[in-house]
Amino acid sequence: MSKTINVLFLAAEADPFIKVGGLGDVAGVLPRELRALSTDELKLDVRLVLPYHPAVKAENLRPLELYSIPRGDSEIGVEAFETSLDGMPVYFIGGDPIHSSGSVYSLDAKLDAEKYAFFSMAAMELPKHINWQPDVVHANDWHTALSLYVNLTKRWEAGAKHVAGVITLHNMPFMGSDVSAILESYGVKLAQTDLPEWARVLPLPLGLWASDAIVAVSPGYASEVLTEEFGCGLHDFLNLRLETLSGILNGIDTVSFDPSTDKALSVNYNLDTLNKRVENKELLQEKLGLARDPNIPLLAVISRMDVQKGVDLAFTALKNMKRINFQAVILGTGDPKLEESARELQKLYPDKIKAELRFDANLARQMYAGADMILMPSRYEPCGLAQMIAMRYGCVPVVRAVGGLKDTVIPNETGFIFEKAHHMSLVSAIKAAMKTLPNREKWQELQRNGMSKDFSWGVSASEYLKLYQSLMK
Ligand code: ADP
């Protein structure tokens, strides 16, 4: 007999409707990959629910009947819409708190708290209005974590059937702000939790507390959040929940990121035609105004300009490589101070270093295809996609041994790894890479090893499926 697992998948953003960061990539792909795992014996009916942000781009939206949820002495209206993406039902939830806070993530923590609390409450009421009941509610990060809290506490009140709660942790330090007053206005009581006191009013900890399974976006990050260094004050609590915590690596879109078909490249190549890759390097050098020379090591940084990413360590490392013949391209936007440091570096070494301070998806692809190595000296890295994309393009990663970087880059097999978040450790790793680079056979072996790895979403989706199945028992 065929069985079905119904999954309500909640996120703040999802490609192609709205994408601001990495969460948008994950929520855009994972639900569909999960549905694709359906067989004759087991159907996975995953449905995606998103806030109807003003910037959402969606076609063929069908309005559902209006509904409301109690708030204070009255009610607040919910406007829900339905559409589909490759056959997957997608729901958008609108209402005052969502319309009034323009961007996906605003700088105003209070506005965001109002918006995502409303979204989480309204999303948990949605199933009633579409005649469909989830077996699993799958939340992502703090924005949707309250859905699990409401799911659990309301279920207790109503004595209703068990609905499993899963939360994926993409970025632990962002926990949301105090929602005690907001919860009270929705008539949701704060439960007695075993969370540290300061965390009992924050969305992410409440969601973790209410979940049946916690998934970090890499096995490495799953073990790191148990430590004081990375656990953001919740490590003791998470250690108590050890048996519910696991790590599942994110995947990359291997169809879009494919050097043999990528339209952003002038010269496509694959494992068998790896020798052609150097043409992309020369074209990149020319485009950036660097000397066109296949023998000069070309280093890339493709990253948000953020201290989390350790880009400051990369800049100091490059600054300290005066006597070494290299070229480097920095692509990124973010913290104005870090952008300024990148500009200064370019001024200091105009013939060697180029700072491209903008978001440019095509240039990023040309860099993956043309640079010899990519630097990722992250201070913490829940998963990291750039190193996986780089490997797929034969760009060898030089990464810090942290989180998902440690899980995806194998020292001397697919890349170079260093331990300490210090620029001199990075310099040593770059030097080791540069020493190997002239040995074409050895270098191509590194490139081929990386290009042969399977970083597709299918692998991750199968892991999530196993998790859902374990929760159904
Ligand atoms: P994070 O999600 O922490 O920013 P990831 O490595 O997981 O880091 O993903 C970053 C993604 O964004 C990668 O695909 C990378 O190529 C891309 N990216 C980052 N900065 C830029 C930029 N300035 N222009 C184009 N793509 C960028």
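Residues numbered from 1 in each chain as written. Predicted model: local features only at pLDDT ≥ 70, side-chain atom pairs only at ≥ 80, totals over all residues. Heavy atoms only, no water.

(A) Main features of the site of the ligand. The full set close to the ligand counts 16 residues, and R304, K309, R358, D360 and Y368 are the nearest of them. In the environment of the ligand, an oxygen atom lies 3.0 Å from a nitrogen or oxygen atom belonging to the backbone of L385. In this structure, A386 approaches the ligand through a main-chain N or O atom, which is 3.1 Å from an oxygen atom. Summarising the interface, the protein chains cover 84% of the accessible area of the ligand, which totals 570 Å² for the free molecule. Within the residue set of the shell around the ligand, elements represented by two or more residues are α12 (361-370) and α13 (386-392). Class assignment of the residues belonging to the shell around the ligand gives a composition of 9 nonpolar, 3 polar and 4 charged. (Near = heavy atom within 4 Å. Polar contact = N/O pair within 3.5 Å; in protein donor to acceptor, adjacent residues only side chain to side chain. Areas by Shrake-Rupley, 256 points an atom, 1.4 Å probe, with all protein chains shown as cover. Helix = DSSP H or I, 4+ residues; strand = E, 2+ residues; numbered from the N terminus. Nonpolar A, V, L, I, M, F, W, Y, C, P; charged D, E, K, R; others polar.)

(B) Region of the structure containing a positive patch on the surface. A contiguous patch of positive charge on the surface is contributed by K319, K322, R323 and K431. Assignment of secondary structure puts K431 in helix α15 (residues 423-436). (Patch = residues over 30% accessible without salt bridge, like charges linked within 9 Å, V, L, I, M, F, W, Y side chains within 5 Å. Salt bridge = Lys/Arg side-chain N within 4 Å of Asp/Glu carboxyl O. Lys, Arg positive; Asp, Glu negative; His and termini not counted. Charge placed at Lys NZ, Arg CZ, Asp CG, Glu CD.)

(C) Structural detail: unusual backbone geometry. Of the consecutive residues D15 and P16, the connecting peptide bond is found in the cis state with omega at 0°. Examined against the element boundaries, P16 turns out to sit in the loop between β1 (3-10) and α1 (22-35). Phi angles above zero are rare outside glycine, and C232 is one such case at about 50°. Its relative accessible area of 29% is what places C232 among the partly exposed residues. (Buried < 20%, exposed > 50% of the residue type's maximum accessible area, 1.4 Å probe, protein only.)

(D) Helix α9 (residues 277-288), seen in detail. End to end, α9 covers 17 Å across 12 residues, agreeing with the expected 16 Å (1.5 Å per residue, within 8%). Next to the buried residues of α9 lie β11 (298-302), β12 (327-331), β13 (353-356), α12 and α16 (440-452). After α9 finishes, the residue G289 shows a positive phi value of roughly 80°. (Expected span 1.5 Å × (residues − 1). Contact = heavy atoms within 4.5 Å.)

(E) Molecular detail of the pattern of salt bridges. Tallying each qualifying case throughout the model produces 24 salt bridges. Its salt-bridge partner being D372, residue K281 comes within 2.6 Å of it at the nearest N-O pair. You can see K281 sitting in helix α9 and its partner D372 sitting in the loop between α12 and β14 (373-376), a full 91 residues away along the chain. Neither K281 nor D372 differs from the other in exposure class; each is buried. For the salt bridge of E339 with R343, the shortest nitrogen-to-oxygen distance reads 3.7 Å. Residue E339 and its partner R343 are both found in helix α11 (residues 336-348); the two are separated by 4 residues, about one turn of the helix. Look at E339 and you get buried, because its relative accessible area is 15%. The network of salt bridges with shared partners includes R35, D45 and R47.

(F) Spatial organisation of the nonpolar core. Grouped together as the largest cluster of nonpolar side chains are 139 residues, with contacts concentrated most on V49, I93, F118, L208, L238, Y368 and Y468. With 10 residues, the top contributor of residues to this core is helix α3 (residues 109-129). When residues of this core are assigned to domains, at least three map to each of domain 1 (3-251 + 458-472) and domain 2 (271-454). Discounting chain neighbours no more than four positions away, the residues touching Y468 are I5, V7, F9, L34, L44, V136, H138 and V166. (Core = buried A, V, L, I, M, F, W, Y, C linked by side-chain atoms within 4.5 Å. Domains from an automatic or database assignment.)

(G) Quick peek at the side chain of D135. Along the chain, the position of D135 falls in the loop between α3 and β7 (136-140). Aside from chain neighbours lying at most four places away, what touches D135 is T4, I5, N6, K161, V163, A164 and M472.

(H) Expanded view of the pairing of β7. In terms of burial, β7 is a largely internal element, 5 of the 5 residues being buried. In β7, alternate side chains face the same way, and those of V136, H138 and N140 on one face and V137 and A139 on the other are all buried. Sheet topology places β1 next to β7; 3 bridges connect them, and they run parallel. Its bridge partner being in β7, V7 is matched across the sheet by V136. (Pairing = 2+ DSSP bridges.)

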